[in-house]
Amino acid sequence: MAIGRPIPVLTLSDNERETLERWTRRPTTAQALAQRARLVLACASGRTNTQVARELQLTKQTVGKWRSRFLAARLDGVLDEPRPGAPRRITDAQVEQMVTLTLEGKPRAATHWSTRAMAARCGLSQSTVSRVWRAFGLQPHRTEAFKLSKDPLFVEKVRDIVGLYLNPPDRALVLCADEKSQIQALDRTQPLLPMRPGQAERRTHDYVRHGTTSLFAALDVRTGTVIGRCHRRHRAVEFRKFLDTIDDAVPPDLDIHLIIDNYATHKTPLIRRWLSKRPRVRLHFTPTGASWINLVERWFATLTEKQIRRGVHRSTRALEAAIIEYITVTNEQPRLHHRDQRAAASVSLDQERRRDPRQRRKFFSTDLRLTRLGLSGTDPDEAGPLTPTAL
């Protein structure tokens, strides 16, 4: 004969069982909710409160409480009840008005909203506006720049260059070449004040310029080394001298694939004659307005950040010596640019998607090209080799 109060039978529907099991498996579920879900599943298997309490290391009172709550409110009974607190003073209509004004309107005397201007316009506090903007990810004070290439051969050029990055030809060297022109040799009007604990380095805002120089550089895509030369002028003559430097530095049994932009000095008759005498050198031009796809631009940015921007150079000779020293250090500890290659491919794909919808349908009618670019979440090594012709 049974002793004590009868235990109500707990049965689960298929949807309830699936939801409870999902709560127990999901890593983001709160531990309290996951424990309650395990408790209800154990009770549904026909075990008593004492057996469930012993298995889950809980008290019989806790098991009985959550069994009763589930029988009374089903899944809602397992969840936490709303916490007590002050009632809302801002309605959904006010939040909607604020978001709509932020996205679609402008203040009378400014180009964008500030938190205080929006607070005055909506009759709310500045902190309230800040909280709503953070909740919706709105930042009216920020702006970003973009540029879409108008090159009619944009797709073909991008596929050619990305193919060279991800799968270079055999017996060939892929070099990304460009010029960083008009680098200024700057000296401050007063001595620098060095960094101290609790105080950053200080320098005057004005400067004295001691001339300029131009850097011609070629980045080896495979090894990360750099071939660089400085010239005082930036003409086709200097570019031809730099091509001679590249030709001398590369072993004669290797072809040279040179990725360059559409600058006028790269297409003069002098350069064309030089190329006609050296058939192993092949030029690959970046799309118009898309020189960012050239990896040497990333190296130029690092050079500016680490050596030029905060440097003090009292002559162009000192500036050139600092640049050559940086090139030497780069070649001693080269850095591969695999991540930048994938980033260039990703941005190139994004630009193709923004172009004419007819081109989008033409070139991206299936996911095959995305897979071969290595941009669809698939390992590009598993998608097969990528070559300029395969793209």
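Data block above holds the structure.
Residues numbered from 1 in each chain as written. Predicted model: local features only at pLDDT ≥ 70, side-chain atom pairs only at ≥ 80, totals over all residues. Heavy atoms only, no water.

Q: So what about the overall build of the protein chain? Which residues, and what values?
A: If you tally the helices and strands in the protein chain, you get 16 helices and five strands. Relative to its full complement of 391 residues, the protein chain shows a buried share of 40%. Of the contacts formed within the protein chain by residues at least 6 apart in sequence, a portion of 67% connects residues at least 24 apart. (Helix = DSSP H or I, 4+ residues; strand = E, 2+ residues; numbered from the N terminus. Buried < 20%, exposed > 50% of the residue type's maximum accessible area, 1.4 Å probe, protein only. Contact = heavy atoms within 4.5 Å.)

Q: Describe the packing of aromatic side chains, and please don't skip the residues or the numbers.
A: Evaluation of the coordinates by the stated rule reveals three aromatic pairs. Ring centres of Trp299 and Phe300 lie 5.8 Å apart, and the angle between their planes is 55°; this geometry places the pair in the tilted category. By way of ring pairs, the aromatic residues Trp299, Phe300 and Tyr326 are connected into one cluster. Lying over the aromatic face of Phe285, Lys267 brings its terminal NZ or CZ to 5.0 Å of the ring centre. (Phe/Tyr/Trp six-rings, centres within 6.5 Å; stacked < 30°, edge-to-face > 60°. Lys NZ or Arg CZ within 6 Å of the ring centre and 35° of its normal.)

Q: Describe the pattern of salt bridges, listing the residues and the values that go with them.
A: Side-chain pairing between opposite charges can occur once the charged atoms of the two side chains come close. By the definition in use, this model includes 13 salt bridges. Taking the shortest distance from any N to any O, the salt bridge between Glu16 and Arg74 comes out at 2.8 Å. You can see Glu16 sitting in helix H1 (residues 14-25) and its partner Arg74 sitting in the loop between helix H4 (60-73) and helix H5 (75-78), a full 58 residues away along the chain. Using a relative accessible area of 29% as the deciding quantity, one classes Arg74 as partly exposed. Of the charged contacts in the structure, one is a salt bridge between Arg314 and Asp187, with a shortest N-O distance of 3.6 Å. Residue Arg314 is located in the loop between helix H12 (296-308) and helix H13 (316-332), and its partner Asp187 is located in strand E1 (residues 172-188); the two are separated by 127 residues in the primary sequence. Assessed through its relative accessible area of 60%, Arg314 is described here as exposed. Using a relative accessible area of 13% as the deciding quantity, one classes Asp187 as buried. Because the salt bridges share partners, they merge into one network encompassing Glu201, Arg203 and Arg310. (Salt bridge = Lys/Arg side-chain N within 4 Å of Asp/Glu carboxyl O.)

Q: Residues and numbers for the environment of Val281, please.
A: Within the element layout of this structure, Val281 appears in strand E5 (residues 281-285). In this structure, the C-alpha to C-alpha distance between Val281 and Ile256, residues 25 residues apart in sequence, is 4.7 Å. Residues within four places of Val281 in sequence aside, it is in contact with Ile256, Trp274 and Leu275.

Q: Tell me what's going on with the side chain of Glu320, and back it up with residues and numbers.
A: Mapped onto the elements, Glu320 comes out in helix H13. At a separation of 2.8 Å, a polar atom in the side chain of Glu320 contacts the side chain of Arg232. Each residue touching Glu320, except ones within four places of it in the same chain, is listed here: Thr213, Cys230 and Arg232. (Polar contact = N/O pair within 3.5 Å; in protein donor to acceptor, adjacent residues only side chain to side chain.)

Q: Describe the packing of helix H3 (residues 49-56) against H4, naming the residues involved and giving the relevant values.
A: Two elements in contact, H3 and H4, have axes whose closest approach is 8 Å; the angle formed by their N-to-C orientations is 115°. Here H3 is positioned roughly perpendicular relative to H4, judged by the angle of their axes. Seen along the crossing, H3 lies across H4 with a hand that is right-handed. Each of Asn49, Thr50, Val52 and Ala53 in H3 lies in contact with H4, whose residues at this interface are Lys60, Val63, Gly64 and Arg67. For the contact of H3 with H4, the residue count by class is three nonpolar, three polar and two charged. (Axes fitted to C-alpha atoms, helices over the stretch in contact; angles between N-to-C directions. Parallel < 35°, antiparallel > 145°, perpendicular 65-115°, else oblique. Left-handed = near helix turned anticlockwise from the far one by under 90°. Nonpolar A, V, L, I, M, F, W, Y, C, P; charged D, E, K, R; others polar.)

Q: Explain the sheet that holds strand E3 (residues 226-231) residue by residue, including any values.
A: Pairing is mixed across the open sheet formed by five strands, whose spatial order is E3-E2-E1-E4-E5. The open sheet is flanked by E3 and E5, the only strands paired with a single partner. Across the sheet, the axes of successive neighbouring strands diverge by a mean angle of 30°, strand direction being ignored. Note that strand E2 (residues 207-220) and E3 share six bridges and pair antiparallel. For Leu219, the partnering residue across the bridge sits in E3 and is Val226. (Pairing = 2+ DSSP bridges.)

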